[in-house]
Amino acid sequence: MKSFFQPEAYQGLQNRLEEIQPESQPLWGKMNAGQMINHCQEPLKIAVNKSEKVLRPNWLVKLLFKKMLYSPKPFRKNAPTPPEFRSTGDFDFEKEKAELQKWMQELWEDRDNENRVAHPVFGKFTKEQWGIMQWKHLNHHFEQFGI
């Protein structure tokens, strides 16, 4: 399984991000390119403990979905997005892309952190699980745009 924390996987994500353009069209889902890039920032912010979203633990969601986040099985196309993570409206594509690059870089620089703060909804993850989950989420959305 690929991990955000593997140098080649991280560089691959960076390269794929460069291929996404404001006019890129999704193969599935409702988000445009700017909305998707905005959406992808929040899980990275959570991983470096800089999210401003108010998220609460949910034992049922944790029970049903936690293992899916880092399992080898890809995320389902058109899976529902929790309301707190929906990105709607208009976004400045270049600004959002720069922000996503910034958060990716921040998590990359923090990749050796073995004592990451627990996820506010799902609880504790190992370093390996964080890396898989972050790669899997970005990969899912880059594939959504054919990248």
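Here the structure is a predicted model, which means the values were calculated and not measured.

Each value, and the rule that gives it
Residues numbered from 1 in each chain as written. Predicted model: local features only at pLDDT ≥ 70, side-chain atom pairs only at ≥ 80, totals over all residues. Heavy atoms only, no water. Helix = DSSP H or I, 4+ residues; strand = E, 2+ residues; numbered from the N terminus. Rg over C-alpha atoms; globule rule 2.2 N^0.38 Å. Buried < 20%, exposed > 50% of the residue type's maximum accessible area, 1.4 Å probe, protein only. Contact = heavy atoms within 4.5 Å. Areas by Shrake-Rupley, 256 points an atom, 1.4 Å probe, with all protein chains shown as cover. Lys, Arg positive; Asp, Glu negative; His and termini not counted. Charge placed at Lys NZ, Arg CZ, Asp CG, Glu CD. Phe/Tyr/Trp six-rings, centres within 6.5 Å; stacked < 30°, edge-to-face > 60°. Expected span 1.5 Å × (residues − 1). Arc of directions from axis to C-beta. Polar contact = N/O pair within 3.5 Å; in protein donor to acceptor, adjacent residues only side chain to side chain. Core = buried A, V, L, I, M, F, W, Y, C linked by side-chain atoms within 4.5 Å.

**Details of the overall build of the protein**
Line of reasoning, step 1. Along the backbone of the protein there are six helices and zero strands.
Line of reasoning, step 2. Reading the protein from its N terminus to its C terminus gives the helix and strand order α-α-α-α-α-α.
Line of reasoning, step 3. What you see for the protein is a C-alpha radius of gyration of 14 Å, in line with the 15 Å of a compact globule of 147 residues.
Line of reasoning, step 4. Taken along its principal axes, the extent of the C-alpha atoms in the protein is 40 × 30 × 30 Å.
Line of reasoning, step 5. For the protein, the proportion of its 147 residues judged to be buried stands at 46%.
Line of reasoning, step 6. Counted over contacts in the protein with a minimum sequence separation of 6, partners at least 24 positions apart contribute 84%.
Line of reasoning, step 7. Total accessible area computed for the protein in this model is approximately 8600 Å², and 52% of it derives from carbon and sulfur atoms.
Line of reasoning, step 8. The centroid of the 22 positive side-chain charges in the protein is displaced by 9 Å from the centroid of its 19 negative side-chain charges.

**Concerning the packing of aromatic side chains**
Line of reasoning, step 1. Tallied over the entire structure, the rule returns six aromatic pairs.
Line of reasoning, step 2. Ring geometry for Phe-4 against Phe-5: centres 5.9 Å apart, planes inclined by 85 degrees, an arrangement best described as edge-to-face. The two residues Phe-4 and Phe-5 agree in class, both being buried.
Line of reasoning, step 3. Between Phe-125 and Trp-130, the ring centres sit 5.2 Å apart and the planes meet at 70 degrees, which makes this aromatic pair edge-to-face.
Line of reasoning, step 4. In this structure Phe-125 comes out as buried when scored by relative accessible area, which is 4%.

**Some remarks on helix α5 (residues 93–109)**
Line of reasoning, step 1. With 17 residues, α5 extends 24 Å from end C-alpha to end C-alpha; this agrees with the ideal 24 Å at 1.5 Å per step.
Line of reasoning, step 2. Among all positions of α5, only Phe-93, Glu-96, Lys-97, Leu-100, Trp-103, Met-104, Leu-107 and Trp-108 are buried. Buried residues in α5, looked at end-on, bunch into an arc of 140 degrees, giving them a common side. Facing away from the buried side of α5 by over 90 degrees, the exposed positions are Lys-95 and Glu-109.
Line of reasoning, step 3. Buried-residue contacts for α5 involve α1 (7–19), α2 (33–39), α3 (41–47) and α6 (127–144).
Line of reasoning, step 4. Taking the backbone nitrogen of Glu-94 as reference, a side-chain oxygen 3.1 Å away marks Asp-92 as the first, capping residue of α5.

**Section: the nonpolar core**
Line of reasoning, step 1. Grouped together as the largest cluster of nonpolar side chains are 37 residues, with contacts concentrated most on Phe-4, Ile-20, Met-36, Leu-100, Met-104 and Leu-138.
Line of reasoning, step 2. Sequence-distant contacts of Met-104, defined by excluding residues within four places in its chain, comprise Phe-4, Tyr-10, Leu-13, Gln-14, Leu-17, Leu-44 and Leu-138.

**Considerations on α1**
Line of reasoning, step 1. Across its 13 residues, α1 extends 19 Å between first and last C-alpha, which sits within 8% of the 18 Å expected from 1.5 Å per residue.
Line of reasoning, step 2. For α1, the complete set of buried residues consists of Ala-9, Tyr-10, Leu-13, Gln-14, Arg-16 and Leu-17. One face of α1 carries all of its buried residues, which in axial projection span an arc of 165 degrees. Pointing more than 90 degrees away from the buried face of α1 are the exposed residues Pro-7 and Glu-8.
Line of reasoning, step 3. On its buried face, α1 is in contact with α2, α5 and α6.

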